Protein chains: 2
Amino acid sequence: MPAYAASTRTAAPQARIPAGYLAMQGSAALGRSALADDRGGTRRTFAKGEELFAEGEAADFFYQVVSGTVRVCKLLSDGRRQIDAFQLAGDIFGLENGAEHRFTAEAVEETVVLAFRRGRFANLLHDNPAFGDQLMTSMITSLERAQDHMVLLGRKTAQEKIATFLMDMAGRLAKGDRLDLPMQRTDIADHLGLTIETVSRTLTQMVRDGLIKLGAAGRTITLTDKLALQQLNG
Amino acid sequence: MPAYAASTRTAAPQARIPAGYLAMQGSAALGRSALADDRGGTRRTFAKGEELFAEGEAADFFYQVVSGTVRVCKLLSDGRRQIDAFQLAGDIFGLENGAEHRFTAEAVEETVVLAFRRGRFANLLHDNPAFGDQLMTSMITSLERAQDHMVLLGRKTAQEKIATFLMDMAGRLAKGDRLDLPMQRTDIADHLGLTIETVSRTLTQMVRDGLIKLGAAGRTITLTDKLALQQLNG
DNA sequence: CGGTAGCTTGATGCGAGTCAACCCATGTGG
DNA sequence: CCACATGGGTTGACTCGCATCAAGCTACCG
């Protein structure tokens, strides 16, 4: 039984925001999802570390991120943790077949989401095909990300994992070559199937090799050699 | 660059069966999917090792397994391979957002599938909400499996990986405690992020520990201690 | 009966995990 | 304002699980 890295929950316990107002002013951070608002999503805000829902809870709602970052994770009985994905602005998650959530979702930083009540898909799809289309597209996107991530977890070296992660986050958060990671080392480690020590060491090595630069807090990363990083993706 | 286990392709090169007849007699092996036939899926048969489609090919069709087994996999440039999933009777796969397939699908054994022409989801969902519902459910199921598999790949030991795999396959192929695996060691290894040697050694050890019995060909496995195997799932 | 594909077994090595300090920034209370 | 605690990150020494390399075994097939 190796590698466990259960993050110490910084979260306030379960301080669920009690279902906000429907008012939807603009939502600048959102892209393609003006539709979502029309479907009557309820806006909710979660503090850093707070839990949106836990494994085993009733799955009455699914969510779309407006701003911030959510980590979606599963735990083994002895505390080993795997973060399946980080959900950023626009991403949809928490849709289940069964009655219960099969994973936990927590806010990595202050995060705003839209919560949608789950109905029968058939009805949903029939009433608003465009939203159904968006949902299906979103599910397929999640699946594609999951498939790419399985290659990473199953077959890539630590260096390749970090390179892939950095390029992926750069693509999704992109502001030039400067990357501001919202999550800490523990989260990165649990996402990539590594330990925090290995994450740290690999990043340090990449600095030595001139691939990246690390900001003071360790959260700001400048990709100085994207080409080399890209070649490490496999 | 470790761990590569690119399987030697036994496959006949690209001998695509030329789009069969629409006749759909009963399809006993299928469960819930009588609907599928009504949607005009085209029946196709693939020989052991044959390729249904490859990464990068036009994604004009998606598929549902009628009988047999399909492996869905991705390759890194140097040949390392990850099998994302095994698709068994009833499973739907190959649905993409983009115009091209993002992974390869190959028949593990003689396999019969239904091929569906992909249209705009919106139309599809609107025309036949029940089929849309089935599709959405199927996508969510795939995603759930992928999430469970990421925990396995990222955080489980070799022994736990094998135990989980055996219990999973038993649940899907179940005929009592006797399990007839359709795939070879190479496929199992590439699915679990291991090498064939480790798969073999771990199985041998499980025999010694009295958890399983191995048939002569190595493909038939009897689960003699399901409880212990279950406890190894984490 | 020889060739080969798939599986198993053994000896050895390495990449990443484990254990343990240590650093630094931030926050808090006396 | 300083002493101290705390959380997040880095670094080093050592260990170990699984990969690698290399035979050998068995069943099947021409």
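This is a predicted model, so every value here is computed, not measured.

*Asks:* How would you explain the overall build of chain A if you had to name every residue and give the values?
*Replies:* Along its length, chain A carries 7 helices and 11 strands. The buried share of chain A, reckoned over its 234 residues, is 54%. Taking all contacts inside chain A whose residues are at least 6 apart in sequence as the whole, residues at least 24 apart take part in 72%. Element-wise, carbon and sulfur atoms account for 51% of the exposed surface of chain A, whose accessible area totals about 9,900 Å².

*Asks:* Can you lay out the UniProt feature "domain: HTH crp-type" (unreviewed entry) in chain A for me, pointing to particular residues and giving the numbers?
*Replies:* With numbering aligned to this structure, UniProt lists the feature "domain: HTH crp-type" (unreviewed entry) at residues 156-227 of chain A. With 54% helix and 14% strand, residues 156-227 of chain A has its two end C-alpha atoms placed 18 Å apart.

*Asks:* Talk me through the interface of chain A and chain B; I want residue IDs and the actual numbers.
*Replies:* Accessible area lost when the parts come together is the quantity often used to give the size of an interface. At the junction of the two partners, chain A supplies 51 residues and chain B supplies 52 residues. Among the residues chain A hides against chain B, the three largest losses belong to Met 136, Met 150 and Arg 155 of chain A. Together they make up 18% of the total. Where chain A touches chain B, the interface holds 8 salt bridges. The closest approach of N and O atoms between Lys 74 of chain B and Asp 148 of chain A, which form a salt bridge, is 3.1 Å. Among the residues making up the side of chain A that touches chain B, the classes are represented as 22 nonpolar, 15 polar and 14 charged.

*Asks:* Tell me what's going on with the pairing of strand E5 (residues 81-87) of chain B, and back it up with residues and numbers.
*Replies:* Residue and element names in this part refer to chain B. Buried residues dominate E5, accounting for 6 of its 7 residues. Pairing of strand E4 (residues 70-75) with E5, which is carried by 6 bridges, proceeds in the antiparallel orientation. Counterpart to Leu 75 in the pairing with E5 is Arg 81. In this antiparallel pair of consecutive strands, E4 and E5, the connection spans 5 residues, and Gly 79 shows a positive phi of 105°.

*Asks:* An account of the packing of aromatic side chains is requested, with residue identities and associated values reported.
*Replies:* Residue and element names in this part refer to chain A. According to the stated counting rule, one finds 14 aromatic pairs over all chains in the structure shown. Here the aromatic rings of Phe 53 and Phe 103 are separated by 5.8 Å at their centres, their planes lie at 50°, and the arrangement is tilted. Of this pair, Phe 53 sits in strand E2 (residues 51-53) while Phe 103 sits in the loop between strand E6 (92-93) and strand E7 (104-107), placing them 50 residues apart in sequence. Exposure remark for Phe 53: the relative accessible area of 1% places this residue in the buried category. By the ring-pair criterion, three or more aromatic residues cluster together here, those being Phe 53, Tyr 63, Phe 93 and Phe 103. Arg 44 extends its terminal NZ or CZ atom over the ring of Phe 61, reaching a point 4.9 Å from the ring centre.

*Asks:* How would you explain helix H3 (residues 129-155) of chain B if you had to name every residue and give the values?
*Replies:* Between its first and last C-alpha, H3 of chain B extends 39 Å over 27 residues, near the 39 Å set by a 1.5 Å rise per residue. Most of H3 of chain B is tucked away: 21 of the 27 residues are buried.

*Asks:* With reference to specific residues and values, describe the pairing of strand E7 (residues 104-107) of chain B.
*Replies:* Residues and elements named next belong to chain B. Residues of E7 alternate between two faces, with Thr 104 and Glu 106 on one and Ala 105 and Ala 107 on the opposite face, all of them buried. Pairing between strand E2 (residues 51-53) and E7: 2 bridges, direction antiparallel. Each bridged residue has a counterpart across the sheet, and for Glu 51 the counterpart in E7 is Glu 106.

*Asks:* Go over the side chain of His 149 of chain A, please, and point to the residues and values.
*Replies:* With respect to the helices, strands and loops of the structure, His 149 of chain A is situated in helix H3 (residues 129-155). Apart from the residues within four sequence positions on either side, His 149 of chain A is in contact with Gln 82, Ile 83, Asp 84, His 191 and Leu 192 of chain A together with Met 150 of chain B.

*Asks:* Mind laying out the nonpolar core, listing which residues take part and the relevant values?
*Replies:* Residues Leu 166 of chain A together with Leu 166 of chain B are the most contacted members of the largest nonpolar core, which totals 91 residues. Excluding residues within four positions of it along the chain, Leu 166 of chain B makes contact with Leu 179, Leu 203, Met 206, Ile 212, Ile 221 and Leu 223 of chain B.

*Asks:* Can you tell me about the environment of Ile 221 of chain A, naming the residues and giving the values?
*Replies:* If you trace the backbone, Ile 221 of chain A turns up in strand E11 (residues 220-223). Not counting residues within four places of it along the chain, the set of residues in contact with Ile 221 of chain A comprises Leu 166, Asp 177, Arg 178, Leu 179, Leu 181, Leu 203, Ile 212, Lys 213 and Leu 214 of chain A.

*Asks:* Please provide a residue-by-residue account of the pattern of salt bridges, values included.
*Replies:* Counting across every chain of the model gives 26 salt bridges over all chains. The shortest N-O distance in the salt bridge between Asp 190 of chain A and Arg 155 of chain B comes to 2.8 Å. In this pair, Asp 190 of chain A is assigned in helix H5 (residues 185-192) and Arg 155 of chain B in helix H3, connecting two distinct chains. By relative accessible area, which is 0% here, Asp 190 of chain A ends up buried. Because the salt bridges share partners, they merge into one network encompassing Arg 71, Arg 81, Glu 106, Asp 187 and Asp 190 of chain A together with Arg 155 of chain B.

*Asks:* Explain the relation of the copies chain A and chain B to me, and be specific about the residues and the numbers.
*Replies:* The two chain copies are connected by a rotation around an axis plus a translation along it. The transformation that overlays chain A on chain B combines an axial shift of 0.0 Å with a rotation of 180°, and the residual RMSD is 0.0 Å. Considering both components of the superposition, the chain copies are consistent with a two-fold axis. Of the residues that chain A buries at the interface, 100% are likewise interface residues in chain B, meaning the two copies contact each other through the same surface.

*Asks:* Can you explain the domain arrangement of chain A? Please cite residues and give values.
*Replies:* All names here are of chain A. Under the domain assignment, chain A is made up of domain 1 (19-149) and domain 2 (156-233). Contacts between the two partners involve 15 residues from domain 1 and, on the opposite side, 12 residues from domain 2. A combined buried area of about 1,100 Å² lies between domain 1 and domain 2, and 53% of that area is made up of carbon and sulfur atoms. Contact with domain 2 buries area across many residues of domain 1, yet Arg 81, Phe 86 and Leu 88 alone supply 48% of it, more than any other trio. Applying the counting rule to domain 1 against domain 2 returns 4 salt bridges. Residue Arg 71 pairs with Asp 187 through a salt bridge whose shortest N-O separation is 3.1 Å. Counting every contact that joins domain 1 to domain 2 gives 10 residue pairs in polar contact (both at pLDDT 80 or more). Secondary-structure elements contributing two or more residues to the side of domain 1 that touches domain 2 are strand E5 (81-87) and H3. In terms of residues, the side of domain 1 that touches domain 2 owes the most to one element, E5, which gives 7 residues.

Cut-off values and rules
- Within each chain, residues carry numbers counting from 1 in the order of the written sequence.
- All chains are assigned letters beginning with A, and all ligands numbers beginning with 1, in the order in which they are written.
- Restriction of local features to residues with pLDDT of at least 70 applies here, the model being predicted, together with a cutoff of 80 or more for giving and counting side-chain atom pairs; totals for whole chains, interfaces and linings are based on all residues.
- Excluding hydrogens and water, the side-chain values take into account all heavy atoms of the structure.
- Numbering of helices and strands runs from the N terminus; a helix is a DSSP stretch of H or I covering at least four residues, while a strand is a stretch of E covering at least two.
- Burial classes follow relative accessibility: with a 1.4 Å probe on protein chains only, a residue under 20% of its type's maximum area counts as buried, one over 50% as exposed, and anything between as partly exposed.
- Residues count as neighbours in contact if any of their non-hydrogen atoms are within 4.5 Å of one another.
- Throughout, the Shrake-Rupley method with a 1.4 Å probe supplies accessible areas, and for residues the shown protein chains are the sole cover considered.
- UniProt positions are given in the numbering used here, feature names are shortened, and annotations may be inferred rather than shown by experiment.
- Accessible area that two parts lose when put together, with a 1.4 Å probe and added across both, is what the buried area reports.
- Should a side-chain nitrogen of Lys or Arg be within 4 Å of a carboxyl oxygen of Asp or Glu, the pair is scored as a salt bridge.
- Classes in brief: Ala, Val, Leu, Ile, Met, Phe, Trp, Tyr, Cys and Pro nonpolar; Asp, Glu, Lys and Arg charged; the others, Gly included, polar.
- Strands qualify as paired when DSSP identifies two bridges or more between them.
- Each Phe, Tyr or Trp ring (for Trp, its six-membered ring) is paired with any other whose centre lies within 6.5 Å, and the angle between the two planes then decides the class: stacked below 30 degrees, edge-to-face above 60, tilted in between.
- A ring has a charge above it when a Lys NZ or an Arg CZ is no more than 6 Å from the ring centre and no more than 35 degrees off the ring normal.
- To estimate how far a helix should extend, the number of its residues minus one is multiplied by 1.5 Å.
- Here, nonpolar core means buried Ala, Val, Leu, Ile, Met, Phe, Trp, Tyr and Cys residues that are tied together by side-chain atoms lying within 4.5 Å of each other.
- The copies were overlaid with a least-squares fit restricted to C-alpha atoms from residues scoring a pLDDT of at least 70 in each copy.
- Bear in mind that the domain bounds are from an automatic or database domain assignment.
- Identification of polar contacts relies on pairs of N or O atoms within 3.5 Å, with a donor-acceptor requirement for protein atoms, meaning one able to donate a hydrogen and the other able to accept it, and with residues adjacent in sequence counted only if both atoms are side-chain atoms.

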